[in-house]
Amino acid sequence: MAGVSDDATLRMPPLVNAAIIAVGSELLTPTRLDTNSLFITEQLNALGVDVVAKAVVGDDRRRLIEVFNAFRRQAGLIVFSGGLGPTDDDVTREAVAAALDLPLKEDVQITAHLRARFAARGDTTPMPENNRRQAMVPEGAEVLENTRGSAPGLWIDNGEQVVLLLPGPPREMRPMLTALTAGPLRERTSGEVLLRRVLKIAGRIESQTDEVLQPLYREWLLQTPPVAATILAQLGQLEVHLTARDEARDRANAALAAAVSQVLEALGDDVFSSNGQPLEEVVGELLVKRGWTIGAAESCTGGLITSRLTDIAGSSRYVMQSVVTYSNEAKVTLLGVSPDAIAEHGAVSEAVALAMAAGMRSHAGVDVGIGVTGIAGPGGGTPEKPVGTVAVAAVTARMTRSRVFRFMGEREQIKFQASQAALDMVRRILLIPDS
């Protein structure tokens, strides 16, 4: 990159951590998500740069300066995305220049490029003068070409710190950042890689899992390279994130592989994925391995189990049929559930879930039948069977499993947890070898 000599780059301490500031008032509404930060994090991690802080800030100059100044004390690399457009609410350039006490000057080459870009469109309307805002560059900043849009990016060396200003639209930001990580950013890093593995766990609570893994944490941090671990509680599952940093990718991978093996030994079959796979994909692979087929009889989940299974490409090999039997009458007429069982035990019961699973297996001619019935809320609960009560069953030729769960949360959360419990029940059955 122009303006930075190789000797100067070598003398600079490597960038080891970063902070990301996503700019845009629209990102603070429920209709827009900040997806840029995920891509930026992935790219920086590949260079061994750890993202230590993220923030979403609206189009407000004062707040941007406040967050920027706070992050400057935490990270060697600050990455902005967004706020580089031509309108009055695009204030990223102005905020960064003010915080760093750098004057803004118009880059006539950028202005000429913008005028040419407008002319190339064949539009007789000349470039609006407010587009010249995009040509304002803080003194000493390097301009980064935007091959897919009008807003150039900026690289600012602030002593040992680097500040990047990237455009907000992903189609413009991604190629610009990719070019930087292949060149100037790579030259400013330590040469280490930062690798992660994600293990997903069902059937355990967070505190219990943490207690089991505590001795391993200490062991991992004392080894070379050290492995850091974080437990995250997700809806219907836990995740253990393992991270290793090293100059040699093979060494980091070996450390992570050893740590994964230790977690698998400690937690056993409760770990359903050691490479980030979702549960429905794991179940699908096990069904294919067995050569088995599956069908689901769903009440409170409303077809969610089948939807998740069929989200996986190639699921037609094992998903044969499903039925949503929301009413008691449908359970009786479509699945052969006994009215007496419903009257005696209630529609939400292990007896009815088992009858639904068996009926599904029989009517569809599949190897595994699932039955799920429950109370997703917000109404319908009783003191004996409150909202969140769900009965789950799975039936094969040689085995039946059933359980009543008490899930917490809103309707959508209860439905997802019920589908997760059903898929995990099937997974555990599929892990049992044929006798």
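Just above, that's the structure.
Residues numbered from 1 in each chain as written. Predicted model: local features only at pLDDT ≥ 70, side-chain atom pairs only at ≥ 80, totals over all residues. Heavy atoms only, no water.

From N to C terminus, the protein includes 15 helices and 17 strands. In terms of overall dimensions, the protein is more spread out than a globule: its C-alpha atoms have a radius of gyration of 28 Å, far above the 22 Å expected for 435 residues. Burial status across the protein gives 47% buried among its 435 residues. At a minimum sequence separation of 6, the contacts of the protein that also span at least 24 residues come to 68%. Each charge class in the protein was averaged separately, 43 positive and 52 negative side chains, and the resulting centres sit 2 Å apart. (Helix = DSSP H or I, 4+ residues; strand = E, 2+ residues; numbered from the N terminus. Rg over C-alpha atoms; globule rule 2.2 N^0.38 Å. Buried < 20%, exposed > 50% of the residue type's maximum accessible area, 1.4 Å probe, protein only. Contact = heavy atoms within 4.5 Å. Lys, Arg positive; Asp, Glu negative; His and termini not counted. Charge placed at Lys NZ, Arg CZ, Asp CG, Glu CD.)

With that settled, consider the nonpolar core. Of all hydrophobic cores here, the largest spans 34 residues; its most connected members are I294 and V372. At the level of secondary structure, the elements contributing two or more residues to this core comprise α10 (279-290), β13 (294-298), α11 (304-310), β15 (368-374), β16 (389-395) and α15 (411-431). For this core, the leading source of residues is α15, giving nine residues. Those residues in contact with V372 that sit more than four places away from it in its chain are A297, E298, S299, C300, T301, I305, M356, V390, A391, V392, A418 and A422. If you look at the next biggest cluster of nonpolar residues, it comprises 31 residues, including A19, V91, A141 and I156. (Core = buried A, V, L, I, M, F, W, Y, C linked by side-chain atoms within 4.5 Å.)

The next subject is the pattern of salt bridges. For the coordinates displayed, the defined rule picks out 15 salt bridges. For R251, the salt bridge goes to D246, with nearest N and O atoms at 2.8 Å. With a relative accessible area of 44%, R251 lands in the partly exposed category. (Salt bridge = Lys/Arg side-chain N within 4 Å of Asp/Glu carboxyl O.)

A word on the sheet that holds strand β12 (residues 271-273). Strand order across the open sheet formed by four strands is β10-β11-β9-β12, with antiparallel pairing between neighbours. Both outer strands of the open sheet, β10 (227-234) and β12, are each paired with one neighbouring strand and no more. Each adjacent strand pair in this sheet contributes to an overall mean axis angle of 35 degrees, direction not counted. Inspection of the sheet shows strand β9 (residues 193-201) paired to β12 by two bridges, in the antiparallel sense. Looking at the pairing, K200 lines up with S273 of β12. The strands touched by helix α8 (residues 206-222) within the sheet are β9, β10 and β11 (237-246), with β10 carrying the most contacts at an inclination of about 170 degrees. (Pairing = 2+ DSSP bridges. Axes fitted to C-alpha atoms, helices over the stretch in contact; angles between N-to-C directions.)

To continue, consider the pairing of strand β1 (residues 17-23). In terms of burial, β1 is a largely internal element, six of the seven residues being buried. After leaving β1, the chain enters helix α2 (residues 36-45) and then returns to the sheet as strand β2 (residues 50-57), a path that is right-handed. Bridge count for β1 against strand β3 (residues 77-81) is five bridges, and the pairing is parallel. By the bridge assignment for β3, A22 is matched with S81. (Right-handed = clockwise from strand over helix to strand, strands pointing away.)

Turning our attention to the pairing of strand β17 (residues 400-406). Strand direction decides the pairing type here: β16 and β17, joined by seven bridges, are antiparallel. Looking at the pairing, V395 lines up with T400 of β17. Here β16 folds back onto β17 in antiparallel fashion, the turn holding four residues.

Ordered by their spatial adjacency, six strands build an open sheet running β2-β1-β3-β8-β7-β6, and the pairing between neighbours is mixed. Pairing within the sheet leaves two strands with one partner each, and these edge strands are β2 and β6 (142-144). Averaged over neighbouring strand pairs, the angle between their axes works out to 15 degrees when direction is ignored. As judged from the three bridges shared by β6 and strand β7 (residues 153-158), these two strands associate in the antiparallel manner. When the bridges of β7 are listed, L144 appears paired with G153.

Attention now goes to the layout of surface pockets. Put simply, the largest pocket is a space of about 520 Å³. Lining the largest pocket are 22 residues, with A202, G203, R204, R403 and F405 positioned closest to its centre. Within the residue set of the lining of the largest pocket, elements represented by two or more residues are β10, β11, β17 and α15. A total of six residues in the lining of the largest pocket trace back to one element, the largest contributor, which is α15. Its residues placed into classes, the lining of the largest pocket shows nine nonpolar, seven polar and six charged. Of the voids in this model, the second largest pocket is the one considered here, and its volume is about 380 Å³. If you go around the second largest pocket, you meet 26 residues; those closest to its centre are E26, G82, P167, G168 and P169. A per-class count over the lining of the second largest pocket returns nine nonpolar, ten polar and seven charged. (1 Å grid on protein atoms, 1.4 Å probe; cavity = no way out; pocket = protein on both sides within 12 Å on 5 of 7 lines; lining within 4 Å. Points joined across faces, edges and corners; volume = space filled by probe spheres on them. Nonpolar A, V, L, I, M, F, W, Y, C, P; charged D, E, K, R; others polar.)

With that settled, consider the side chain of T41. The residue T41 is located in helix α2 in this model. Assessed through its relative accessible area of 15%, T41 is described here as buried. From its side chain, T41 meets the backbone oxygen of S37 in a polar contact 2.7 Å long. Contact partners of T41, with chain neighbours within four places excluded, come to I20, V51 and K54. (Polar contact = N/O pair within 3.5 Å; in protein donor to acceptor, adjacent residues only side chain to side chain.)

For any pair of aromatic rings, the description rests on two quantities: the centre-to-centre distance and the angle between the ring planes. Tallying each qualifying case throughout the model produces three aromatic pairs. Geometrically, the ring pair formed by Y217 and W220 is tilted, given 6.2 Å between the ring centres and 55 degrees between the ring planes. Placement of the pair is Y217 and W220 together in helix α8, with a separation of three residues, close to one helical turn. Taking 5.2 Å as the distance between ring centres and 10 degrees as the angle between the ring planes, the aromatic pair formed by F405 and F407 counts as stacked. Using a relative accessible area of 11% as the deciding quantity, one classes F407 as buried. Just above the ring of F68 sits the side chain of R72; from NZ or CZ to the centre is 5.4 Å. Sitting over the face of the ring of W292, R290 holds its NZ or CZ atom 4.7 Å from the ring centroid. (Phe/Tyr/Trp six-rings, centres within 6.5 Å; stacked < 30°, edge-to-face > 60°. Lys NZ or Arg CZ within 6 Å of the ring centre and 35° of its normal.)

Take it as geometry only, folks, not as evidence of what the structure does.
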